[in-house]
Amino acid sequence: NQLKKDYLDDVKNDLNVLKSIQDDWNILNDKNFTDPKTESFKKIINKQLKKDPKRKIIIFTEFSDTANYLYKKIKDDFKVNIYTSSDSSKRKKKIEIKENFDASSKVQKNDYDIMIATDAISEGFNLHRAGTIFNYDIPYNPTRVVQRFGCINRINKKISEIKRAILQIFGEHC
């Protein structure tokens, strides 16, 4: 017997802690669980859509798990689409986004008011039908927050003077 008794006890304690964390995490899948951040956020979204009903909303998050979680929490209350790296090869998804969020698209649809996305959407998409960006969680690099504005403010498009100044300082990286 090469293992000391203390080592086995420590491993058992670690396993119990991990199981406890897993139980706490599984509460998120409970249909009766109410997430206060998401509930508050839904009120903010609703208020913004009423304030500016012709403009769409982009919600950025760092992780696809967060995007999927948020999508599940708000999809019954809003016309919402989602885009993560797992969608990057789906032609139909790209067409949906273009028709609903790109002001230069020949086809203009209003199937969606909201796009939840990771930074995977930053390449090749114009989202300038949107007027609001929310950062559901903040990336570790604050420059990325500013770069996200480029998704809704493209060169040669009408934009506010404040957003134009941001683009001039940081450039268009989206």
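Trainee: Break down the packing of aromatic side chains for me, citing the residues and quoting the values.
Mentor: The way to describe two aromatic rings as a pair is by their centre distance and the angle between their planes. Overall, the coordinates contain three aromatic pairs when judged by the stated rule. For the pair Tyr-83 and Phe-125, a centre-to-centre distance of 5.1 Å together with 70° between the ring planes defines the contact as edge-to-face. Highlighted residues: Tyr-83 in strand E2 (residues 80-83) and Phe-125 in the loop between strand E3 (114-117) and strand E4 (130-135), separated in sequence by 42 residues. Its relative accessible area of 2% is what places Tyr-83 among the buried residues. With a relative accessible area of 7%, Phe-125 lands in the buried category. An aromatic cluster is built from Phe-41, Phe-134 and Tyr-136, whose rings are joined through pairwise contacts.

Trainee: Quick one: what's the story with a nonpolar patch on the surface, residue by residue and with numbers?
Mentor: Residues Tyr-7, Leu-8 and Val-11 make up a contiguous nonpolar surface patch of about 270 Å² in total accessible area. On the secondary structure map, Leu-8 appears in helix H1 (residues 5-26).

Trainee: Outline helix H2 (residues 36-51), supporting the account with residue identities and numerical values.
Mentor: Here H2 is 16 residues long and its end C-alpha atoms lie 23 Å apart, about the 22 Å a rise of 1.5 Å per residue gives. Regarding H2, the residues found buried are Thr-38, Phe-41, Lys-42, Ile-45, Gln-48 and Leu-49. Down the axis, H2 shows its buried residues gathered within 130° of arc, on one side only. Away from its buried face, by an angle of more than 90 degrees, H2 presents the exposed residues Pro-36, Lys-43, Lys-47, Lys-50 and Lys-51. For H2, the secondary structure elements touched by its buried residues are strand E1 (56-60), helix H3 (64-74), E3 and E4. Capping the start of H2 is the job of one residue whose side-chain oxygen sits 3.2 Å from the backbone nitrogen of Lys-37: Asp-35.

Rules behind the numbers
- Residues numbered from 1 in each chain as written.
- Predicted model: local features only at pLDDT ≥ 70, side-chain atom pairs only at ≥ 80, totals over all residues.
- Heavy atoms only, no water.
- Phe/Tyr/Trp six-rings, centres within 6.5 Å; stacked < 30°, edge-to-face > 60°.
- Helix = DSSP H or I, 4+ residues; strand = E, 2+ residues; numbered from the N terminus.
- Buried < 20%, exposed > 50% of the residue type's maximum accessible area, 1.4 Å probe, protein only.
- Patch = residues over 30% accessible without salt bridge, like charges linked within 9 Å, V, L, I, M, F, W, Y side chains within 5 Å.
- Areas by Shrake-Rupley, 256 points an atom, 1.4 Å probe, with all protein chains shown as cover.
- Salt bridge = Lys/Arg side-chain N within 4 Å of Asp/Glu carboxyl O.
- Expected span 1.5 Å × (residues − 1).
- Arc of directions from axis to C-beta.
- Contact = heavy atoms within 4.5 Å.
- Polar contact = N/O pair within 3.5 Å; in protein donor to acceptor, adjacent residues only side chain to side chain.

Limitation: the analysis is restricted to geometry and does not speak to function.
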